[in-house]
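Descriptive analysis of the structure
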Amino acid sequence: MEPPDPPTITPASTPALEMRGITKRYPGVLANDAIDLEVRPGEIHALLGENGAGKSTLMNILYGLAVPDDGQILLDGTPVEMRSPAEAIAYGISMVHQHFMLVPVLSVADNILLGDEPVAGLFFLDRRRAHARLRELAGGFGWDLDLDAPVGSLSVGWQQRVEILKALYRNASILVLDEPTAVLTPQETQEIFAVLRRLTGEGYSVIFISHKLYEVLEIADRITVIRRGRVVGQRVPAETDEDDLAELMVGREVQLTVDRGESHPGAPALVVESLRAADDRGHEVVHEVSFEVRAGEIFGIAGVAGNGQDELVEALAGLRAPTAGRVRLEGRDVTGHSARDLHQRNVAYVPADRHRFGLVLSYPLTDNLVLTDYYHAPFARGIVRDDGAITRHAATAIERFDVRTPSTTAIAATLSGGNQQKVVVARELDRELRLLILDQPTRGLDVGSIEFIHRQAIAKRDAGTAILLVSAELDEILELSDRIGVMYRGRLVAIVDGPSASREEIGLLMATGGREVTPTGSASPVA
Amino acid sequence: MTLKRAVRLLSIPVLAIFLALVVGAVLMILSSPLINGLDPGLPLSAYAALVSGAFGSPDALVQTVVSATPLILAGLAVGIGFKAGLFNIGGQGQFLVGAVAAAAVGAAVSTAGGVVAIPLALLAGVVAGAAYGFIPGFLKAYTGAHEVVTTIMLNYVAIQMVGYLITGPLRAQGATFARSPSVGNAALPVLFGSNGHLGVLFAVIAVPIAWWLLFRTTIGFEVRTVGASPDAARYAGMRPRLVMMLTLAVGGLLAGLAGAGEILGISGYMPAGYSTNVGFDGITVALLGRANPIGILLSGLLLGAMRAGSNLMQIQAGVPVQVIDVLQGVILFFLAAELLVRRIFRIRAARVQVDELQTVTRSYSSQTPK
Amino acid sequence: MRKPRYGLGAGAVAASIILAACQGGGAGNSTSGSSSTPSTSAGPSNSLKIGLVTDVGTLDDKNFNQFSWEGAKKGAADIGAPAPKSVVTTASADYAKNIKSFVDQKFDIIVTVGFALGNDTTKAAKANPGIKFIGVDQGVCVTEQGEPDPSFGCKGDGAKLLPNYQGLVFKEAQPGYLAGIVAGSISKSGHIAAIGGTKVVPAVANYMAGYANGAAKVNPNVKVELQYVSDQPDAKAFNDPAGGKAFAEQLLAKNKDVDVLFQVAGKTGNGVLQAACNANIHAIGVDVDQHLSTPESAKCIVTSAEKKLTKAVSDAIKRVSEKTDKGGTVPLDITTDSIGLAPFYDFQNLITPEIQTRIDDAMKGLKDGSVDPCKPMKCS
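Remember, it's a predicted structure, so these values are computed and weren't measured experimentally. (Residues numbered from 1 in each chain as written. Chains lettered and ligands numbered in written order. Predicted model: local features only at pLDDT ≥ 70, side-chain atom pairs only at ≥ 80, totals over all residues. Heavy atoms only, no water.)

1. With respect to the state of the cysteines
Residue and element names in this part refer to chain C. To keep it simple, the criterion reads: Pairs of cysteine sulfur atoms within 2.5 Å are identified as disulfides in what follows. We count a stretch as a helix when DSSP gives it H or I for four or more residues in a row; a strand needs E for two or more, and each element gets its number in order from the N terminus. Only protein chains enter the accessibility calculation, which uses a 1.4 Å probe; a residue is then buried when its area is under 20% of its type maximum, exposed when over 50%, and partly exposed in between.
Considering all chains together, one arrives at three disulfides over all chains under this definition. Across the disulfide, C141 is cross-linked to C154 (sulfur-sulfur distance 2.1 Å). Judged by the sign of its S-S torsion, about -100°, the cystine formed by C141 and C154 is left-handed. With a gap of 13 residues between them, C141 in the loop between strand 4 (132–136) and helix 6 (158–161) and C154 in the loop between strand 4 and helix 6 connect regions that are remote in the sequence. C277 shares a disulfide with C300; S-S distance 1.8 Å. Because the torsion about its S-S bond is -70°, the bridge between C277 and C300 counts as left-handed. Of this pair, C277 sits in helix 11 (residues 266–278) while C300 sits in the loop between helix 12 (290–293) and strand 10 (301–307), and the two are 23 residues apart along the sequence. Note on accessibility: C277 and C300 belong to one class, buried. For chain C, the disulfide bridges join cysteines in the arrangement 1-2, 3-4, 5-6, where the cysteines are counted in sequence order.

Put into structure tokens, the structure is as follows:
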């Protein structure tokens, strides 16, 4: 079959894509169990499911990356076989991955042409013809895109548009977007939604994968929910709501907002005074930051990513030497102390990047669960590891923190994001703590896991632990924090009371640092 | 840990060896007209001679083990580095430095009793190798100088240094051509066969010790963690810089032990222009053994058998020894081009991470540790 | 649903190999037997098995290894023995192992090439009195027990203690001296040069000393540049033509009036010869007739200081076959016609009768002992 170009609106009776009874078994898991999915022309079809529910497997099958054990794929009513991504592309299916498949140093145009280079004569790239076509495509959206700019110089939102342009350039008629909004600001999200609506208006079909319920409700024409490899329901946004979808997705009633109860703050546990820190290139990115976190309270730091939060947290966690200032833990000066020392002083740290810091992906869970405690009893005697104790500890922790894994020796990389984060949380929270630093603790997780981790944090707070929560998700900050500090360009520009803070107020501080507006109500600039 | 996992781990090395033998056979057939006329049976007679030369008699077996000894030690030197994410190409230099140190101290104590002389000479080789391995570790940790570059450079430094020592201060009085004095009583006793010297036991002992250290101790856990994820290691309170220095020093120690064993166990002195490929063959051994001590033992024995058997292959089949180098090169090629092997044999990518190959690839772009 | 696109190919390859292996299993023994048949079918009158272990390098190095190998082949043919076998050494650490493989295969005569194998050849000769060893370029130096002498006093009588070991030692100073006579005579500038591989190899140093002494004999005012490529007998010294060429170019750039260049550096020296050709000056080859062995440089090679390796090795084999061999160092010099100058070929006209007379006189003097090629410059 020839790739449809340009896509034509076929009668609604024939779906643009139909996947029938798709079944895929992996050793020990039934990843897809007779899944049916039907996408109509000109439709945005949301695929909703928790991490590990089988969304990725289904899309890999559609994209020719995996072979189903059973089932059928039909395009415009014709059965087809996808043997490779190249074939999928030829059939007009295109995938925009969550992590963009772009080469930062290559230009926009070259990135798009990569793998499908227009050839003039035998060997020479016909750039001119390709550029003309790209300009035409981009112009259609009113995008003023510099085709010669290196992709690395573009914002994340624009990079995503480059990915979409790439799909269109290859005559895609069905676009699969894997969590396209995960990396976008609310503003950019709205912009990309506009693009998607326009595309469907022109007859393209879009499969939109997400677990952000309100987004799905906003953008999708229809929603298919899968859980544990099965389709558990199909909804139209008008006839459903977040609670209904969450329940379908998780399989039980979910509290989307955790009841945090009342906090009973005690004495200050962490006191930060005029802290300064520099980034890897030696530029100071944390300027004179001062705050305190009291025992039994959650202090949230809100801010757009990249305003010095990473360096601040690393300085507090012993991974980065502060250039000036003091850090006191329960009265003792711990400025510049090592990560190991802080760990021994009952400080725990859940890092933002669990793949890079929090876990060793190639290690089994047993080793990951003792990553920070491997060196002392009961896990080691002298230099000799006690594998028995390590395994027993893993079994207990996995049960206590409800980590879904085939075994204690499963490799961390094979777990879903939510379960990976549970492993980190299990390791860091499963002891008595003075201070807990949570850096983006629920980034990329599904609702079930988010709920779980939020509950754990509240429980720790109620047990008297001081908690520093850093998050770029404003909702998370608002939901958990007893007090909220806002970081803007390396400074803590305001500290406000948590329960009474408004979304708009914090959002404005995040965006402007509060300089162009008078601080309102409870906001008190500290910088 | 199961049989399945073992099969998955072994499949690529085994298939790489198999493909190398096929390529070697094709080369032999194609080049046979140059020797005795086209002979399609040549690979069979050559490989038969190779096997017989490596395993065909007690003498052959001893020679295989003796040839494998330095390869296993040098393979461990490289393999332990892989575990820590370091590509130690300096085995050759560390080997030579260990060899010359053992030759020098061995000669100095050559008249003392063996009980004293042997440990002293061995200790000298081990300490010199470790110190020589420590240098790139230190440079990496504190200046960020990449170990691939520094170890290669230090190989040349070692060659020139050994050349200077043997033709200069260490030159034996009265020798017509430059060489170190005989190590006398520091020579390792022959335990079995005509040349199965004590050094063989070092490799036999080093393998389980390396395995135990890597997988059963906190030190090994730190080494592996630094290799798998330096950031996670730092997060976990480990000290990657210290671990890197330690790992490269231990690698140097093992390569130095290999060098000392060759001098004290085989030649009994060090001649000027002493040449060996052990340091570089160690890289093949480590890659083929997937950086695992047990795997290194097996691949060291395999390469040792090929080296031992190659002579009979030359004698009986007239196939030049360079074929062994070709086989080794092709094995390395297929290990590196793992994807190609998977394609040829339609093996799905295993989820197991192959850390040593990652190290090889990553070592050309990696960053300075913090 | 997916067709095994690669499986078929791989399966076929595997099947054919297993098939071949099965066939081979039965024929394996006979194959190895038959492969040696062609060489023996010539009807050998002699069953001596001859093996040769090379020094580090290749069998076709146009030098030591190759001409010793030619000698082994010639010797075998002359006595009617089966064609000899060879083991090529790839690293000096393997000498003992390589000798041992011929011992294990019960060979009758083992030729080892190069002074560096002397120690291991001595040990093997001591351990295997039933096997005859021929060491090329190896002076026999043993203790009174017949072991390699660690003090190099050479107290033991090699001929008695190791009657099975002939150490062939050439007097390199003699051909070097003759080369010096030629160089000193044909040089117009009175400034000549020689490039050696490394000083630590006695053979090299001896060639060089003889060369300087010969030149000084015919021209007392001659300036002789003697330089060495390397400090040790490594690849740079003997196996690096490109390096040798660069080294020679440098020497010639610094000494612009040098008009004769003698090489004593094996394959490295072949680069030296090229540099001489490019500079349009005369060159003198070494060890073998380089007019023949390095034809690319033949146009500037006046002659070569020859060690007649092929003859020396084949003679030694013949002595074993005729049971006239004696152990110990076998000195090879002009008296047995084992050294000399190669023909002049196109440069014959350069050699005036006067020069020819000088050469003839020198040869006579060397033969009767009235000329010492190791004076005034000492040999090693």
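Past the structure itself, the notes keep going.
2. Details of the interface of chain A and chain B
Where we set the bar: Any two residues having at least one pair of non-hydrogen atoms within 4.5 Å are treated as being in contact. The buried area of a pairing is the accessible area, by a 1.4 Å probe, that goes missing from both parts when the two are put together, added over both. Criterion for a salt bridge: a side-chain nitrogen of Lys or Arg within 4 Å of a carboxyl oxygen of Asp or Glu. N or O atoms closer than or at 3.5 Å make up a polar contact, with two conditions inside protein: a donor-capable atom paired with an acceptor-capable one, and, for residues adjacent in sequence, both atoms drawn from side chains. Residues are grouped as follows: nonpolar covers Ala, Val, Leu, Ile, Met, Phe, Trp, Tyr, Cys and Pro; charged covers Asp, Glu, Lys and Arg; every other residue, Gly included, is treated as polar.
Counting from both sides, the interface comprises 28 residues of chain A and, opposite them, 23 residues of chain B. Between chain A and chain B, a total of about 2,300 Å² is buried, with carbon and sulfur atoms accounting for 58% of that surface. Measuring nitrogen to oxygen at the nearest pair gives 2.8 Å for the salt bridge that ties R216(B) to D387(A). Here chain A is connected to chain B by 15 residue pairs in polar contact (both at pLDDT 80 or more). Going through the elements one at a time, helix 10 (339–344), helix 11 (354–358), strand 20 (384–385) and helix 14 (417–429) of chain A are the ones with two or more residues in the side of chain A that touches chain B. When residues in the side of chain A that touches chain B are grouped by element, the largest group, three residues, is from helix 11 of chain A. Partitioning the side of chain A that touches chain B into residue classes produces 15 nonpolar, five polar and eight charged.

3. Things to note about the nonpolar core
We apply this condition: By convention a nonpolar core is built from buried Ala, Val, Leu, Ile, Met, Phe, Trp, Tyr and Cys residues, the set being connected through side-chain atoms within 4.5 Å.
The biggest cluster of nonpolar side chains holds 104 residues, and the ones touching the most others in it are L73(B), L76(B), L122(B), L264(B), M270(B) and V319(B). Ignoring anything within four residues of it in the chain, the contact list for M270(B) reads L96(B), A99(B), V100(B), A103(B), V162(B), I166(B), R179(B), S180(B) and I263(B). In terms of nonpolar packing, the next biggest core, distinct from the first, is built from 83 residues, I134(C), L162(C), V260(C) and V288(C) among them.

4. Looking at the environment of E288(A)
Residues and elements named next belong to chain A. Relative to the helices and strands, E288 is located in strand 14 (residues 284–294). Given the relative accessible area of 39%, E288 is considered partly exposed. When the C-alpha atoms of E288 and L113 are compared, they prove to be 47 Å apart, with 175 residues separating the residues in sequence. One polar contact links E288 to R276, side chain to side chain, over a distance of 2.7 Å.

5. Some details on the packing of aromatic side chains
Our working definition: Centres within 6.5 Å make a pair out of two Phe, Tyr or Trp rings, where for Trp the six-membered ring is used; the pair is then stacked when the planes are under 30 degrees apart, edge-to-face when over 60, and tilted otherwise. Charges are assigned to positions over rings by a cutoff of 6 Å between ring centre and Lys NZ or Arg CZ, combined with an angular limit of 35 degrees from the ring normal.
For the structure shown, the criterion picks out 17 aromatic pairs over all chains. Its guanidinium or amino end placed over the ring of Y375(A), R340(A) lies 3.8 Å from that ring's centre, counting from NZ or CZ. Residue placement shows R179(B) over the ring face of Y269(B); its charged tip is 3.6 Å from the ring centre.

6. Concerning the domain arrangement of chain A
Residue and element names in this part refer to chain A. As a reminder of what qualifies: An automatic or database domain assignment supplies the residue ranges for each domain.
The domain boundaries assigned to chain A delineate domain 1 (17–250) and domain 2 (268–356 + 435–525). Between the C-alpha centres of domain 1 and domain 2 there is a distance of 35 Å. Facing the eight residues of domain 1 at the interface are eight residues of domain 2. Of the roughly 570 Å² buried between domain 1 and domain 2, counting both surfaces, carbon and sulfur atoms make up 51%. A per-residue breakdown of the area domain 1 buries against domain 2 is headed by E50, N51 and H211, which together make up 54% of the total. The interface formed by domain 1 and domain 2 includes zero residue pairs in polar contact (both at pLDDT 80 or more). When its residues are assigned to classes, the side of domain 1 that touches domain 2 shows four nonpolar, two polar and two charged.

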